Amino acid sequence: MTKKKDTKFDWIRPLARFSGVSFRDLAVSAGPLVLITAIVIVAAYWYVRPAPPGTITIISGPPGSVFQRTAEKYRKILARNRVNLTILPSEGSLENLKKLNDPAVRVDVGFVQGGVSAGVSVEKLVSLGSVFHEPLVIFYRSAVSLDRISGLDGKRIAIGREGSGTQVLALTLLKVNGIEPGGATKLLDLGGEDAAQALIKGKIDAAFLMGDSAAAPIMRKLMRAAGVRPLDIAQADAYTRRFPYLNKLVLPMGVFDFDRNLPSRDIHLIGPTVEIVARATLHPALSDLLIETAREVHGGATLLQRAGEFPAPLEHEFRISDDAKRFYTSGKSFFYRFLPFWMASLADRTLVFLVPILVLLIPGVKMAPKIYNWRIRSRIYRAYGKLIALERSMLSQPSTEERKEMLKLLDDIETEVNNLKMPLAFADQFYVLRDHIGFVRGRYSNDEAMKR
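Notes on the structure follow. None of these values were measured; they are calculated from a predicted model. (Residues numbered from 1 in each chain as written. Predicted model: local features only at pLDDT ≥ 70, side-chain atom pairs only at ≥ 80, totals over all residues. Heavy atoms only, no water.)

## Here we look at the overall build of the protein chain
Scanning the protein chain for helices and strands turns up 13 helices and 13 strands. Sorting the 452 residues of the protein chain into buried and exposed places 44% on the buried side. A sequence separation of at least 24 residues applies to 77% of the contacts in the protein chain between residues at least 6 apart. Of the accessible surface of the protein chain, which amounts to about 24,200 Å², a share of 58% is contributed by carbon and sulfur atoms. (Helix = DSSP H or I, 4+ residues; strand = E, 2+ residues; numbered from the N terminus. Buried < 20%, exposed > 50% of the residue type's maximum accessible area, 1.4 Å probe, protein only. Contact = heavy atoms within 4.5 Å. Areas by Shrake-Rupley, 256 points an atom, 1.4 Å probe, with all protein chains shown as cover.)

Printed below as a string of structure tokens:
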């Protein structure tokens, strides 16, 4: 006898596939966060400059010049911070500026005297600040005292070596006084000791001296020479107004010889400052290190400056770099204050990667489980939404055909639920949902029975 098939549980479908964790949902929940964090790290890597180079190149001046001697001091200090400084010699400020502006020349920074940038593009260059005064001292030989540069018209004048900042400034000042090359005034490419000796021997009538040409031994020699006088520039204030890169300076009475009182009165001078000029691509950490080095070298008092006066962010022909402004305003960044330079550089770059992780990844880790739970529950909520809508339709007295269609929809809902892939942690919610589906089915069956 064939056993009758029990149709009571014909509607049962295969149960959901349970797993410990839904890796697909986990990937969808945490994947975007990991991707965003990776993008931010890569963007930070590109926008934050790489580690500072271990070698930089400075263009200085002629061998034995103050620029060259200063660069040597810088080299010793930078070596303490494991940075090698390569020193390139040059003819002076004008050549330094041209080479800094030439991308074909491998140079990072250089000493540039103010007033030499005429005709040279400076858009890609920045200043790390002025480091010392470079006074212009004019000595002349005359029976009468002079106090204006125009009084040198028609004389034989040494204006410094070709390519030097001294010559550039001398030609500028002579021009505004109506004295130009090719006229009655004879302009000679002499500087330093050569110019001083020529003036003492009477071979020239005046000499423009700056920087190395105006070194203390040369100045003392000229102060003591018979018939040679320093020009006390009466129009010093006017020159500083006309040429903003110039400063008014005073050579104090008796500064060279108290006993003989040389000079016999205060001498008013004018002169630019010397700046550390760099290419705009200079690494911020090296910018800080160079300014700190300049502070150690130039921070003391001299005949023409007070202690702590230099380096200073005096903006003239070159804009002060943003990194230099930040240094002068707030000093070195945190790591560089307390760690050796190489270690601070490493810590600074490590921070680039840690910040996105701390700001994005750690808060995101807290959000990921919530997103994960929401994704799982949303499947259950969607099934409940369909089930509630179907139950309401059953209560609206549907026709026989409509009730058959509703039963099919109920089967579809149950099949969809039974095919869900669910983490074990949500098994209780799954079985509650199945009970509710069974409740609706039972209610449907009772309604059918009553109609019969």
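## Some remarks on the packing of aromatic side chains
In the structure shown here, the tally under the stated rule is 6 aromatic pairs. Between the aromatic rings of Phe 243 and Tyr 245, the centroid separation amounts to 6.0 Å while the plane-to-plane angle is 50°, which identifies the pairing as tilted. Assessed through its relative accessible area of 11%, Phe 243 is described here as buried. You can call Tyr 245 buried: its relative accessible area is 10%. A connected cluster of aromatic rings, assembled from ring pairs, spans Phe 67, Tyr 74, Phe 111 and Phe 132. (Phe/Tyr/Trp six-rings, centres within 6.5 Å; stacked < 30°, edge-to-face > 60°.)

## Let's talk about the pattern of salt bridges
Per the stated rule, a full pass over the model turns up 13 salt bridges. Two residues, Glu 296 and Arg 80, come together in a salt bridge whose shortest N-O distance is 3.0 Å. With Glu 296 in helix 8 (residues 284-298) and Arg 80 in the loop between helix 2 (66-79) and strand 3 (84-88), this pair connects stretches of sequence that are 216 residues apart. Between Lys 221 and Glu 193 there is a salt bridge, and its shortest N-O distance comes to 2.7 Å. Of this pair, Lys 221 sits in helix 6 (residues 216-224) while Glu 193 sits in helix 5 (residues 192-200), and the two are 28 residues apart along the sequence. The exposure class of Lys 221 is partly exposed, given its relative accessible area of 34%. Overall, the relative accessible area of 34% leaves Glu 193 in the partly exposed class. (Salt bridge = Lys/Arg side-chain N within 4 Å of Asp/Glu carboxyl O.)

## Things to note about the environment of Phe 310
When you line up the elements, Phe 310 lands in the loop between helix 8 and helix 9 (322-330). Separated by 180 residues in the primary sequence, Phe 310 and Ser 130 place their C-alpha atoms 6.7 Å from one another. When neighbours within four sequence positions are excluded, Phe 310 is seen to be in contact with Ser 130, Val 131, Phe 132, His 133, Thr 273, His 298, Gly 299 and Gln 305.

## A closer look at the packing of helix 2 against helix 8
Direction vectors running N to C along helix 2 and helix 8 enclose 120°, while the axes themselves pass 10 Å from each other. Judged by the angle between their axes, helix 2 and helix 8 are oblique. As for how helix 2 packs across helix 8, the hand of that crossing is right-handed. When helix 2 is examined against helix 8, the residues Thr 70, Lys 73, Tyr 74, Ile 77 and Leu 78 are found in contact with a partner set consisting of Leu 289, Leu 290, Thr 293, Ala 294, Glu 296, Val 297 and His 298. Taken together, the residues of the contact of helix 2 with helix 8 sort by class into 7 nonpolar, 3 polar and 2 charged. (Axes fitted to C-alpha atoms, helices over the stretch in contact; angles between N-to-C directions. Parallel < 35°, antiparallel > 145°, perpendicular 65-115°, else oblique. Left-handed = near helix turned anticlockwise from the far one by under 90°. Nonpolar A, V, L, I, M, F, W, Y, C, P; charged D, E, K, R; others polar.)

## Examining the nonpolar core
Core analysis: the largest hydrophobic core is formed by 27 residues, its most contacted members being Ile 58, Tyr 74, Phe 111, Ile 276 and Leu 290. Counting residues per element, this core draws most heavily on helix 8, which supplies 5 residues. Residues contacting Ile 276, with those up to four places away along its chain left out, are Tyr 74, Val 109, Gly 110, Phe 111, Val 126, Ser 127, Leu 128, Gly 129, Val 131 and Ala 294. Listed in part, the 25 residues of the second largest apolar core include Ile 138, Leu 173, Tyr 239 and Tyr 245. (Core = buried A, V, L, I, M, F, W, Y, C linked by side-chain atoms within 4.5 Å.)

## Concerning helix 4 (residues 165-176)
When the terminal C-alpha atoms of helix 4 are compared, their 17 Å separation across 12 residues agrees well with the 16 Å that a helix rising 1.5 Å per residue should span. Taken together, the buried positions of helix 4 are Gly 165, Thr 166, Gln 167, Val 168, Leu 169, Ala 170, Leu 173 and Leu 174. Where helix 4 terminates, the next one or two residues include Gly 178, which has phi positive at roughly 80°. (Expected span 1.5 Å × (residues − 1).)

## Observations concerning the sheet that holds strand 6 (residues 137-141)
The 5 strands lie next to each other as 8-7-9-6-10, forming an open sheet whose pairing is mixed. Sheet topology places strand 8 (186-188) and strand 10 (228-230) at the edges, where each strand pairs with a single neighbour. Adjacent strand axes in the sheet meet at a mean angle of 20°, parallel and antiparallel pairs treated alike. For strand 6 and strand 10, the ladder comprises 3 bridges, and the chain directions are antiparallel. Note on strand 10: the bridge partner recorded for Arg 141 is Val 228. Against the sheet, helix 5 touches strand 6, strand 7 (156-158), strand 9 (206-209) and strand 10, its axis set at about 155° to strand 9. (Pairing = 2+ DSSP bridges.)

## Here's the deal with the side chain of Ser 90
In this structure, Ser 90 sits in the loop between strand 3 and helix 3 (93-100). Among the residues examined, Ser 90 registers a relative accessible area of 6% and is labelled buried. A distance of 3.2 Å separates a polar atom in the side chain of Ser 90 from the backbone nitrogen of Gly 92. Apart from the residues lying within four places of it in its own chain, the contact partners of Ser 90 are Ile 59, Ser 60, Gly 61, Pro 62, Glu 95 and Asn 96. (Polar contact = N/O pair within 3.5 Å; in protein donor to acceptor, adjacent residues only side chain to side chain.)

Geometric descriptors of this kind do not, in isolation, establish any biological role.
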